[in-house]
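Tertiary structure, described
Residues per chain, in single letters:
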Amino acid sequence: MNRAHVITVSDGVAAGTRQDMSGAALQSSLRNAGFDVSGPEVVPDERDRIADAITAAAAGGADVVVTTGGTGLGPRDVTPQATSALLDYEVPGLGELMRTAGVASTPMAALSRGVVGVRGRTLIVNTPGSVRGATESLEAILPVLGHAVQLLHGDTKHE
(Lines give C-alpha, C1' and ligand atoms only; values in the text may rest on other atoms or scores of the structure.)
Protein backbone atom coordinates (compact mmCIF):
# COMPACT_ATOMS: atom_id res chain seq x y z
CA MET A 1 0.00 0.00 0.00
CA ASN A 2 1.28 3.45 -0.90
CA ARG A 3 2.00 5.81 1.98
CA ALA A 4 0.98 9.46 2.09
CA HIS A 5 1.65 12.16 4.65
CA VAL A 6 -0.43 15.34 5.00
CA ILE A 7 1.06 18.61 6.27
CA THR A 8 -1.14 21.59 7.12
CA VAL A 9 0.72 24.90 6.82
CA SER A 10 -1.12 27.52 8.84
CA ASP A 11 -0.17 30.05 11.48
CA GLY A 12 -3.75 30.01 12.80
CA VAL A 13 -4.02 26.24 13.10
CA ALA A 14 -0.52 26.02 14.62
CA ALA A 15 -1.50 28.67 17.20
CA GLY A 16 -4.75 26.88 17.99
CA THR A 17 -6.95 29.78 16.85
CA ARG A 18 -8.34 28.00 13.79
CA GLN A 19 -9.47 24.44 13.12
CA ASP A 20 -7.73 22.35 10.45
CA MET A 21 -10.42 21.43 7.96
CA SER A 22 -8.34 21.04 4.79
CA GLY A 23 -5.79 18.64 6.29
CA ALA A 24 -8.57 16.34 7.46
CA ALA A 25 -10.27 16.55 4.06
CA LEU A 26 -7.04 15.61 2.26
CA GLN A 27 -6.46 12.76 4.67
CA SER A 28 -9.94 11.41 3.94
CA SER A 29 -9.53 11.72 0.15
CA LEU A 30 -6.17 9.95 0.22
CA ARG A 31 -7.53 7.16 2.42
CA ASN A 32 -10.49 6.70 0.08
CA ALA A 33 -7.99 6.41 -2.80
CA GLY A 34 -6.25 3.51 -1.01
CA PHE A 35 -3.32 5.28 0.62
CA ASP A 36 -2.05 4.56 4.11
CA VAL A 37 -2.16 8.13 5.46
CA SER A 38 -0.32 9.82 8.33
CA GLY A 39 -0.96 13.34 9.57
CA PRO A 40 -2.21 15.91 9.27
CA GLU A 41 0.91 17.38 10.79
CA VAL A 42 0.56 21.10 11.52
CA VAL A 43 3.32 23.66 11.04
CA PRO A 44 3.26 27.47 10.96
CA ASP A 45 3.90 29.48 7.79
CA GLU A 46 7.69 29.41 8.26
CA ARG A 47 10.06 28.13 5.58
CA ASP A 48 12.29 26.16 7.93
CA ARG A 49 9.39 24.43 9.69
CA ILE A 50 7.73 23.57 6.36
CA ALA A 51 11.00 22.25 4.92
CA ASP A 52 11.75 20.20 8.03
CA ALA A 53 8.30 18.58 7.98
CA ILE A 54 8.53 17.70 4.28
CA THR A 55 12.09 16.38 4.64
CA ALA A 56 11.16 14.22 7.64
CA ALA A 57 8.10 12.77 5.88
CA ALA A 58 10.14 11.91 2.77
CA ALA A 59 12.95 10.40 4.86
CA GLY A 60 10.33 8.46 6.83
CA GLY A 61 9.19 6.64 3.72
CA ALA A 62 6.18 8.60 2.51
CA ASP A 63 5.54 7.97 -1.18
CA VAL A 64 3.51 11.18 -1.42
CA VAL A 65 3.61 14.28 0.79
CA VAL A 66 0.64 16.62 0.36
CA THR A 67 0.74 20.07 1.92
CA THR A 68 -2.23 22.38 2.33
CA GLY A 69 -1.86 26.11 2.81
CA GLY A 70 0.63 28.85 2.12
CA THR A 71 0.34 28.79 -1.69
CA GLY A 72 -1.24 32.22 -2.26
CA LEU A 73 0.18 35.69 -2.66
CA GLY A 74 0.21 36.76 0.97
CA PRO A 75 3.47 37.78 2.66
CA ARG A 76 3.46 34.63 4.84
CA ASP A 77 2.60 32.27 1.95
CA VAL A 78 5.97 30.55 1.59
CA THR A 79 5.10 26.88 1.05
CA PRO A 80 6.14 26.85 -2.64
CA GLN A 81 9.50 28.46 -1.85
CA ALA A 82 10.17 26.02 1.00
CA THR A 83 9.19 23.09 -1.21
CA SER A 84 11.12 24.18 -4.31
CA ALA A 85 14.36 24.39 -2.32
CA LEU A 86 14.01 20.68 -1.45
CA LEU A 87 13.15 19.26 -4.86
CA ASP A 88 15.38 17.19 -7.10
CA TYR A 89 13.05 18.16 -9.96
CA GLU A 90 9.59 19.59 -10.56
CA VAL A 91 6.61 17.85 -12.16
CA PRO A 92 4.92 20.91 -13.67
CA GLY A 93 2.15 19.01 -15.44
CA LEU A 94 0.56 18.04 -12.11
CA GLY A 95 0.56 21.63 -10.86
CA GLU A 96 -0.96 22.72 -14.16
CA LEU A 97 -3.62 20.02 -13.86
CA MET A 98 -4.52 21.17 -10.34
CA ARG A 99 -4.81 24.83 -11.36
CA THR A 100 -6.86 23.94 -14.45
CA ALA A 101 -9.33 22.00 -12.30
CA GLY A 102 -9.48 24.84 -9.79
CA VAL A 103 -10.08 27.55 -12.38
CA ALA A 104 -13.12 25.59 -13.57
CA SER A 105 -14.64 26.38 -10.15
CA THR A 106 -13.20 29.82 -9.43
CA PRO A 107 -10.86 32.18 -11.25
CA MET A 108 -9.05 32.69 -7.92
CA ALA A 109 -7.40 29.27 -8.38
CA ALA A 110 -5.06 30.91 -10.89
CA LEU A 111 -3.44 32.69 -7.93
CA SER A 112 -2.25 29.42 -6.39
CA ARG A 113 1.52 29.02 -6.63
CA GLY A 114 1.60 25.43 -5.45
CA VAL A 115 4.39 23.30 -6.88
CA VAL A 116 4.67 19.57 -7.42
CA GLY A 117 7.99 17.79 -7.55
CA VAL A 118 10.17 14.93 -6.46
CA ARG A 119 12.66 14.55 -3.64
CA GLY A 120 14.36 11.16 -3.80
CA ARG A 121 11.47 8.75 -4.38
CA THR A 122 8.81 10.97 -2.81
CA LEU A 123 6.30 13.06 -4.74
CA ILE A 124 5.59 16.37 -2.97
CA VAL A 125 2.35 18.20 -3.75
CA ASN A 126 1.36 21.71 -2.58
CA THR A 127 -2.38 22.41 -2.43
CA PRO A 128 -4.25 25.57 -1.38
CA GLY A 129 -5.38 26.07 2.21
CA SER A 130 -9.13 26.10 1.63
CA VAL A 131 -10.98 22.79 1.88
CA ARG A 132 -12.42 23.23 -1.60
CA GLY A 133 -9.10 24.28 -3.15
CA ALA A 134 -7.18 21.47 -1.46
CA THR A 135 -9.64 18.71 -2.31
CA GLU A 136 -10.24 19.87 -5.89
CA SER A 137 -6.49 20.00 -6.45
CA LEU A 138 -5.93 16.53 -5.04
CA GLU A 139 -8.92 15.06 -6.90
CA ALA A 140 -7.49 16.45 -10.15
CA ILE A 141 -4.28 14.43 -9.80
CA LEU A 142 -5.53 11.32 -7.95
CA PRO A 143 -6.01 9.38 -11.21
CA VAL A 144 -2.25 9.54 -11.89
CA LEU A 145 -0.82 9.44 -8.35
CA GLY A 146 -0.55 5.65 -8.18
CA HIS A 147 1.29 5.50 -11.50
CA ALA A 148 3.59 8.34 -10.43
CA VAL A 149 4.52 6.39 -7.28
CA GLN A 150 5.17 3.25 -9.36
CA LEU A 151 7.50 5.20 -11.64
CA LEU A 152 9.35 6.69 -8.66
CA HIS A 153 9.87 3.17 -7.32
CA GLY A 154 11.48 2.12 -10.59
CA ASP A 155 8.53 0.29 -12.16
CA THR A 156 8.87 1.89 -15.59
CA LYS A 157 7.35 -0.85 -17.77
CA HIS A 158 4.81 0.50 -20.24
CA GLU A 159 2.12 -1.87 -21.42
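Up top is the structure these notes are about.
These remarks concern the structure in this document. (Residues numbered from 1 in each chain as written. Predicted model: local features only at pLDDT ≥ 70, side-chain atom pairs only at ≥ 80, totals over all residues. Heavy atoms only, no water.)

As for the overall build of the protein chain
To be explicit about the condition: Helix and strand definitions follow DSSP, with helices as H or I runs of at least four residues and strands as E runs of at least two, each counted in order from the N terminus. For the radius of gyration, the atoms used are the C-alpha atoms, and the globule rule reads 2.2 Å times the number of residues raised to 0.38. Each residue is placed in one exposure class: buried if its accessible area under a 1.4 Å probe, protein chains only, is under 20% of its type's maximum, exposed if it is over 50%, and partly exposed if it falls in between. Should any heavy atoms of two residues lie within 4.5 Å, those residues are counted as being in contact. Per-residue accessibility takes into account occlusion by the displayed protein chains alone, with areas from the Shrake-Rupley method and a 1.4 Å probe. Note that His is not counted, nor are the chain ends; the positive residues are Lys and Arg, and the negative ones are Asp and Glu. In plain terms, the charge of a residue is placed at NZ if it is Lys, CZ if Arg, CG if Asp and CD if Glu.
Of regular secondary structure, the protein chain possesses six helices and six strands. Listing every helix and strand of the protein chain by position from the N terminus yields β-α-α-β-α-β-α-β-α-β-β-α. Taken over C-alpha atoms, the radius of gyration comes to 14 Å for the protein chain, in line with the 15 Å a tight globule of 159 residues would show. C-alpha atoms of the protein chain, sized along the principal axes, occupy 50 × 35 × 30 Å. Here the protein chain holds 159 residues, and 48% of them are scored as buried. Considering only intrachain contacts with a sequence separation of at least 6, the fraction spanning at least 24 residues in the protein chain is 77%. Here the protein chain has roughly 7600 Å² of accessible surface; of this, 53% comes from carbon and sulfur atoms. Of note, the protein chain has its 12 positive side-chain charges centred 1 Å away from the centre of its 17 negative side-chain charges.

Here's the deal with the packing of helix α2 (residues 22-32) against helix α6 (residues 131-152)
Using the following cut-off: Throughout, an axis means a line fitted to C-alpha atoms (over the contacting stretch in the case of helices), and angles, computed between N-to-C directions, take values from 0 to 180 degrees. Here the angle decides the label: under 35 degrees means roughly parallel, over 145 means roughly antiparallel, 65 to 115 means roughly perpendicular, and every other value means oblique. In this scheme, a crossing is called left-handed if the near helix is turned counterclockwise away from the far one by less than a right angle; it is called right-handed if the turn is clockwise. Any residue that is not Ala, Val, Leu, Ile, Met, Phe, Trp, Tyr, Cys, Pro, Asp, Glu, Lys or Arg is counted as polar, Gly included; the first ten are nonpolar and the last four charged.
α6 packs onto α2 with a crossing angle of 20° between their chain directions and a minimal axis gap of 9 Å. Here α6 runs roughly parallel to α2, going by the angle between their axes. The way α2 lies across α6 gives a crossing that is right-handed. The residues of α6 that touch α2, namely those facing Ser22, Ala25, Leu26, Ser29 and Leu30, are Val131, Ala134, Thr135, Leu138, Glu139, Leu142 and Leu145. For the contact of α2 with α6, the per-class residue count stands at eight nonpolar, three polar and one charged.

Considering the sheet that holds strand β5 (residues 116-119)
Spelled out, the test is: Between any two strands, at least two bridges found by DSSP are needed for them to pair.
Pairing is mixed in the open sheet, where six strands are placed in the order β2-β1-β3-β6-β5-β4. If you trace the sheet from one side to the other, it starts and ends with β2 (36-43) and β4 (89-90), each paired once. Pairing of β5 with strand β6 (residues 122-127) involves four bridges; the strand directions are antiparallel. Bridge pairing links arginine 119 to threonine 122 in β6. Helix α5 (residues 92-103) rests against β4, β5 and β6 of the sheet, and its axis sits at about 30° to β6.

Regarding helix α3 (residues 47-59)
For an α-helix, 3.6 residues make a turn, and residues three or four places apart therefore share a direction. Our working rule: A helix is expected to span 1.5 Å for every residue after the first. Working definition: the arc comes from the directions between the helix axis and the C-beta atoms, pointing outward to the latter.
The terminal C-alpha atoms of α3, which comprises 13 residues, lie 18 Å apart, in line with the 18 Å expected from a rise of 1.5 Å per residue. Looking only at α3, the buried set comprises Ile50, Ala51, Ala53, Ile54, Ala57 and Ala58. Each buried residue of α3 lies within a common arc of 165° when the element is viewed along its axis, so the set occupies one face. Among the exposed residues of α3, those oriented more than 90 degrees off its buried face are Asp48, Asp52 and Ala59. Structurally, α3 contributes buried residues whose contacts are with β1 (3-9), β2, β3 (64-68), α4 (79-84), β5 and β6. Just past α3, the residue glycine 61 takes up positive phi, approximately 100°.

Comments concerning the nonpolar core
In globular proteins that are soluble, nonpolar side chains generally tend to be buried together. Worth spelling out the cut-off: For the purposes of this section, nonpolar cores are sets of buried Ala, Val, Leu, Ile, Met, Phe, Trp, Tyr and Cys residues that join through side-chain atoms within 4.5 Å.
Judged by nonpolar contacts, the single largest core of 22 residues is most densely connected at Leu30, Phe35, Leu123, Val125 and Leu145. Contributions of two or more residues to this core are made by β1, α2, β3, α5, β5, β6 and α6. Among the elements that take part in this core, α6 stands out by supplying eight residues, more than any other. If we ignore the near neighbours within four places in the chain, the residues touching phenylalanine 35 are Met1, Asn2, Arg3, Ala4, Leu30, Val64, Leu142 and Leu145. Counting 16 residues, the second largest nonpolar core, distinct from the first, contains Ala53, Val65, Val78 and Val115.

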